[in-house]
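What the coordinates show
In case you want the letters, here they are:
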Amino acid sequence: MLDVSDLSVRFGGLTAVSGLSFSVRAGEVFTMMGPNGAGKTTAFNAIGGFVRATAGRVRFDGRDLIGLPPEKIASLGIRRTFQNNGILREMTVLENVLTGLELDTPSTFWGSALGLPASGRAEREAVAKARRMLAEMEIADLEDRSAGDLSFGQQRLVEIARALVAGARLIMLDEPAVGLSPSERAHLATTLRELARTGIAILLVEHVQDLVMAVSDQVLVLNYGKRIAQCVPAELKNNAEVLEAYLGHA
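Residues numbered from 1 in each chain as written. Predicted model: local features only at pLDDT ≥ 70, side-chain atom pairs only at ≥ 80, totals over all residues. Heavy atoms only, no water.

Focus on the pairing of strand β7 (residues 170-174)
Burial runs high along β7: five of the five residues are buried. Where burial is concerned, the two faces of β7 agree: the one with Leu170, Met172 and Asp174 and the one with Ile171 and Leu173 are both buried. Alignment of strand β6 (residues 78-80) against β7, held across three bridges, turns out to be parallel. The residue of β7 that forms the bridge with arginine 80 is methionine 172. (Buried < 20%, exposed > 50% of the residue type's maximum accessible area, 1.4 Å probe, protein only. Helix = DSSP H or I, 4+ residues; strand = E, 2+ residues; numbered from the N terminus. Pairing = 2+ DSSP bridges.)

Structural notes on the nonpolar core
Of all hydrophobic cores here, the largest spans 39 residues; its most connected members are Met137, Ile160, Leu164, Ile171, Leu192, Leu195 and Ile202. Setting aside anything within four residues of it in sequence, one finds leucine 192 in contact with Val29, Ile160, Leu173, Ile202 and Val215. Counting 31 residues, the second largest nonpolar core, distinct from the first, contains Leu20, Phe44, Ile73 and Val205. (Core = buried A, V, L, I, M, F, W, Y, C linked by side-chain atoms within 4.5 Å. Contact = heavy atoms within 4.5 Å.)

Considering the sheet that holds strand β4 (residues 55-60)
Two modes of strand pairing occur in sheets, parallel and antiparallel, and in both the strands are linked by backbone hydrogen bonds. The strand order across the open sheet built from four strands is β2-β1-β4-β5, with neighbouring strands paired in antiparallel fashion. Only two strands of the sheet have a single neighbouring strand rather than two, namely β2 (14-24) and β5 (63-64). Of the strand pairs in this sheet, strand β1 (residues 2-11) and β2 are connected by seven bridges, and their pairing is antiparallel. Looking across to β2, one finds that phenylalanine 11 is bridged to leucine 14. Contacting β1, β2 and β4, helix α1 (residues 40-48) runs over the sheet at an angle of about 115° to β1. (Axes fitted to C-alpha atoms, helices over the stretch in contact; angles between N-to-C directions.)

Regarding the environment of arginine 145
Secondary-structure assignment places arginine 145 in the loop between α5 (117-136) and α6 (152-164). Classification of arginine 145 by relative accessible area gives partly exposed; the value is 37%. In this structure, the C-alpha to C-alpha distance between arginine 145 and glutamate 95, residues 50 residues apart in sequence, is 9.9 Å. Residues contacting arginine 145, with those up to four places away along its chain left out, are Met91, Thr92, Val93 and Leu150.

Concerning the confidence of the model for the protein chain
Looking at the protein chain as a whole, the pLDDT averages 85, with 90% of positions reaching at least 70. Scored below 50 in pLDDT, residues 108-114 shows six contacts in the model against residues more than four places distant or in partner chains. (pLDDT = per-residue confidence, 0-100.)

Describing the packing of aromatic side chains
In this description, a pair of aromatic rings is defined by centroid distance and the angle of the planes. Inspection of every chain in the model, using the stated rule, returns one aromatic pair. Relative to phenylalanine 30, the ring of phenylalanine 22 has its centre 4.9 Å away and its plane inclined at 15°; by these criteria the two rings are stacked. By relative accessible area, which is 4% here, phenylalanine 22 ends up buried. A relative accessible area of 0% means that phenylalanine 30 is categorised as buried. (Phe/Tyr/Trp six-rings, centres within 6.5 Å; stacked < 30°, edge-to-face > 60°.)

Comments concerning unusual backbone geometry
Residues other than glycine seldom take positive phi values, yet aspartate 6 does so here, at roughly 50°. Note on placement: aspartate 6 falls in strand β1. Judged by relative accessible area, which is 47%, aspartate 6 ranks as partly exposed. Phi at aspartate 61 takes a positive value of approximately 50°, unusual for a residue other than glycine. With respect to the element layout, aspartate 61 can be found in the loop between β4 and β5.

Section: the pattern of salt bridges
A side chain of one charge can pair with a side chain of the opposite charge if their charged atoms are brought near each other. Taken as a whole and judged by the stated rule, the model has eight salt bridges. Between aspartate 64 and arginine 57 there is a salt bridge; the shortest N-O distance is 3.9 Å. Residue classification places aspartate 64 among the partly exposed residues on the basis of a relative accessible area of 32%. Measuring nitrogen to oxygen at the nearest pair gives 2.3 Å for the salt bridge that ties aspartate 61 to arginine 169. Of this pair, aspartate 61 sits in the loop between β4 and β5 while arginine 169 sits in the loop between α6 and β7, and the two are 108 residues apart along the sequence. Judged by its relative accessible area of 46%, aspartate 61 falls in the partly exposed class. (Salt bridge = Lys/Arg side-chain N within 4 Å of Asp/Glu carboxyl O.)

Remarks on the sheet that holds strand β10 (residues 226-231)
Across the sheet, six strands lie side by side as β6-β7-β8-β3-β9-β10; this open sheet has mixed pairing. Single-partner strands in this sheet number two, and they are β6 and β10. The mean angle between the axes of side-by-side strands here comes to 20°, regardless of whether they run parallel or antiparallel. Along the sheet face, α1 touches β3 (29-33), β6, β7, β8 (201-205) and β9 (218-223) and points at about 150° away from the line of β7.

This is how it looks when you write it as structure tokens:
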């Protein structure tokens, strides 16, 4: 589904990502991990169109993504969350999820203001779709809550619901376990595995190892912008380069 080939990103004289290649299949949870500054988020941003790649190719279902703006990439079926939590705190949970349909709902401010029938229908369909997604994520009871009042774990689920509601086939999650309690991480792990079973591809940047071990089909480890390992989670503890990167010794 997603094919990254020889991806490089440079900022002036700094090479943040160098010659990175990997593929993510439908129904797979693929995790990128590595020490701070390893290039994980930069690679994520290049795939999503938030940073321009210096070299290489990123293809989604055979279509080249390099040079496309983020909103165009999103419209192709790739949605993402952000490390610093992209929840709109003053909005309700339902309103947050509805923003995920902005690219797909042919409703405008003027259509709403003038009460045009097409606009009204589009909005009703969007609300129904958002409510179905909240039910699927088992957070329908939070619909009218202010997003800023939720726990970190609940906010992460709202972010994922927003990413999925427009029919995303690949979701990119940037450190979703940050700030979560052990029970919230366990619930997140269950949610991600259930999503993968429906055929959705998940590209994850994460350093919380219990989540990585619980959900990942493949793990790619970066250090100084380069891939140093790619394996199933159980093999990580026996990889000398990974131990060196994280612990300073094998």
